[in-house]
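If you want the building blocks of each chain, they are given just below.
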Amino acid sequence: MHFKIIFVKLVSTRYNISSMDKARVASLIERIGNLLRSEERASGSDSGLQTVHVQILGYLSQCNRYSNTPAAVTEFIGSTKGTTSQSINILEKKGFINKRSDEEDGRVIHLDLSDKGERFIKNEFPPYEFKAALDGLNKNDTERLSQLLTKLLIQLQRKNNGKLFGVCHTCRHFKKFGLDDTHQCGLTLEPLSEKESYQICREHVQLPEKAV
Ligand code: SF4
């Protein structure tokens, strides 16, 4: 009986995450976020860009064709419509993005990276120091880190009713090779190239068992 109590105590000590552990994880993520913000500020300063401008360019470089609208940018950045609209206008004025009307619905605007925007992303996003830090991890570590952070993000987004902005391969709508040798989006029924199937999407609906 005595041993049974000790065993139960050991097991519960092992699996219950203490408040101290939670605070440590929160503090680590906060510090990494602060450092990343500060590097984004530095990487954009030569081009007269603020952190939020760098974040918008970074988002536009990764999102798919359904998600490059001002509304999606606003949701992803988590800012107000007015503030995001100002940032988008600045990026257009500086020549980093181009606005384009949707071919089927002229009221919808798409935001495309210009050649200048593409060059900026290639050289500055993620910031050099952050890329160098990631080089210190091996492939397995990087994949595991990405999975764990995604798992945490899913929990946080569920609590905040926020969108996950995941990729097709973990989306409930995804039809792998749904059109013969081409993937298909089950929501829009349109074809998706292999490259598009790894871009982040505003309409993504998380499959229950998979991480992004
Ligand atoms: S399958 Fe899902 S993630 Fe992919 S384009 Fe369609 S809605 Fe977006």
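Residues numbered from 1 in each chain as written. Predicted model: local features only at pLDDT ≥ 70, side-chain atom pairs only at ≥ 80, totals over all residues.

## Here's the deal with the environment of Tyr59
Argument step 1. Structurally, Tyr59 is set in helix α3 (residues 51–62).
Argument step 2. Residues Tyr59 and Ile77 lie 18 residues apart in sequence; the distance between their C-alpha atoms is 8.6 Å.
Argument step 3. When sequence neighbours within four positions are dropped, the list of residues in contact with Tyr59 reads Val73 and Phe76. (Helix = DSSP H or I, 4+ residues; strand = E, 2+ residues; numbered from the N terminus. Contact = placed C-beta atoms within 7 Å.)

## What about the site of the ligand?
Argument step 1. Around the ligand, the surrounding shell consists of Asn64, Tyr66, Cys168, Cys171, His173, Phe174, Cys185, Leu187, Cys201, Glu203 and His204.
Argument step 2. The residue inventory of the shell around the ligand, partitioned by class, reads 7 nonpolar, 3 polar and 1 charged. (Near = placed C-beta within 6 Å. Nonpolar A, V, L, I, M, F, W, Y, C, P; charged D, E, K, R; others polar.)

## Some points on the domain arrangement of the protein chain
Argument step 1. In terms of domain boundaries, the protein chain breaks down into domain 1 (23–136) and domain 2 (137–212).
Argument step 2. With centres defined by C-alpha atoms, the gap from domain 1 to domain 2 works out at 20 Å.
Argument step 3. Taken together, the contacts link 10 residues of domain 1 with 10 residues of domain 2.
Argument step 4. Looking at the side of domain 1 that touches domain 2 element by element, the count peaks at 3 residues for helix α4 (residues 70–77).
Argument step 5. Grouping the constituent residues of the side of domain 1 that touches domain 2 by class yields 5 nonpolar, 4 polar and 1 charged. (Domains from an automatic or database assignment.)

## Some points on unusual backbone geometry
The general pattern is negative phi for most residues beyond glycine and trans for most peptide bonds.
Argument step 1. Cis geometry marks the peptide bond from Phe125 to Pro126, where omega comes out at -10 degrees.
Argument step 2. Along the chain, the position of Pro126 falls in the loop between α6 (115–124) and α7 (128–135).
Argument step 3. Here the phi dihedral of Phe177 falls at roughly 50 degrees; this positive angle occurs in a residue that is not glycine.
Argument step 4. Looking at the secondary structure, you find Phe177 in strand β3 (residues 174–179).
Argument step 5. Using a count of 9 C-beta atoms within 10 Å as the deciding quantity, one classes Phe177 as exposed.
Argument step 6. Positive phi, normally seen in glycine, also occurs at Asp180, with a value near 55 degrees.
Argument step 7. In this structure, Asp180 sits in the loop between β3 and β4 (182–185).
Argument step 8. Of the residues examined, Asp180 has 7 C-beta atoms within 10 Å and is grouped as exposed. (Buried ≥ 20, exposed ≤ 12 C-beta atoms within 10 Å, placed from the backbone.)

## Let's talk about the nonpolar core
Buried together is how nonpolar side chains tend to be arranged in soluble globular proteins.
Argument step 1. Core analysis: the largest hydrophobic core is formed by 25 residues, its most contacted members being Ile56, Leu57, Leu60, Val73 and Leu91.
Argument step 2. The element contributing the most residues to this core is α3, with 5 residues.
Argument step 3. Counting residues domain by domain, this core receives three or more from each of domain 1 (23–136) and domain 2 (137–212).
Argument step 4. In this view, Ile56 contacts Val73, Ile77, Ser87, Ile88 and Leu91; residues no more than four positions away in its chain are not counted. (Core = buried A, V, L, I, M, F, W, Y, C linked by C-beta atoms within 7 Å.)

## A closer look at the packing of α3 against helix α5 (residues 81–93)
Argument step 1. Where α3 meets α5, the axes come as close as 10 Å, and the angle between the chain directions of the two elements is 80 degrees. The orientation of α3 with respect to α5, classified from their angle, is roughly perpendicular. Seen from α3, the contacting residues are Val52, His53, Ile56 and Leu57; seen from α5, they are Ser87, Ile88, Ile90 and Leu91.
Argument step 2. The residue makeup of the contact of α3 with α5, split by class, is 6 nonpolar, 2 polar and no charged. (Axes fitted to C-alpha atoms, helices over the stretch in contact; angles between N-to-C directions. Parallel < 35°, antiparallel > 145°, perpendicular 65-115°, else oblique.)

## Details of the sheet that holds strand β5 (residues 191–192)
Argument step 1. Judged by pairing direction, the sheet is antiparallel, and its 3 strands sit side by side in the order β3-β4-β5 without closing on themselves. Unpaired on one side and paired on the other, β3 and β5 mark the two borders of the sheet.
Argument step 2. Alignment of β4 against β5, held across 2 bridges, turns out to be antiparallel. By the bridge assignment for β5, His183 is matched with Leu192. (Pairing = 2+ DSSP bridges.)

## Some thoughts on the packing of α4 against α5
Argument step 1. Their axes nearest at 9 Å, the elements α4 and α5 cross at an angle of 115 degrees. Judged by the inter-axis angle, α4 sits roughly perpendicular to α5. You can see that α4 and α5 cross each other, and the crossing is right-handed. Residues Pro70, Val73, Thr74 and Ile77 of α4 form the contact with α5, whose participating residues are Lys81, Thr84, Ser85 and Ile88. (Left-handed = near helix turned anticlockwise from the far one by under 90°.)

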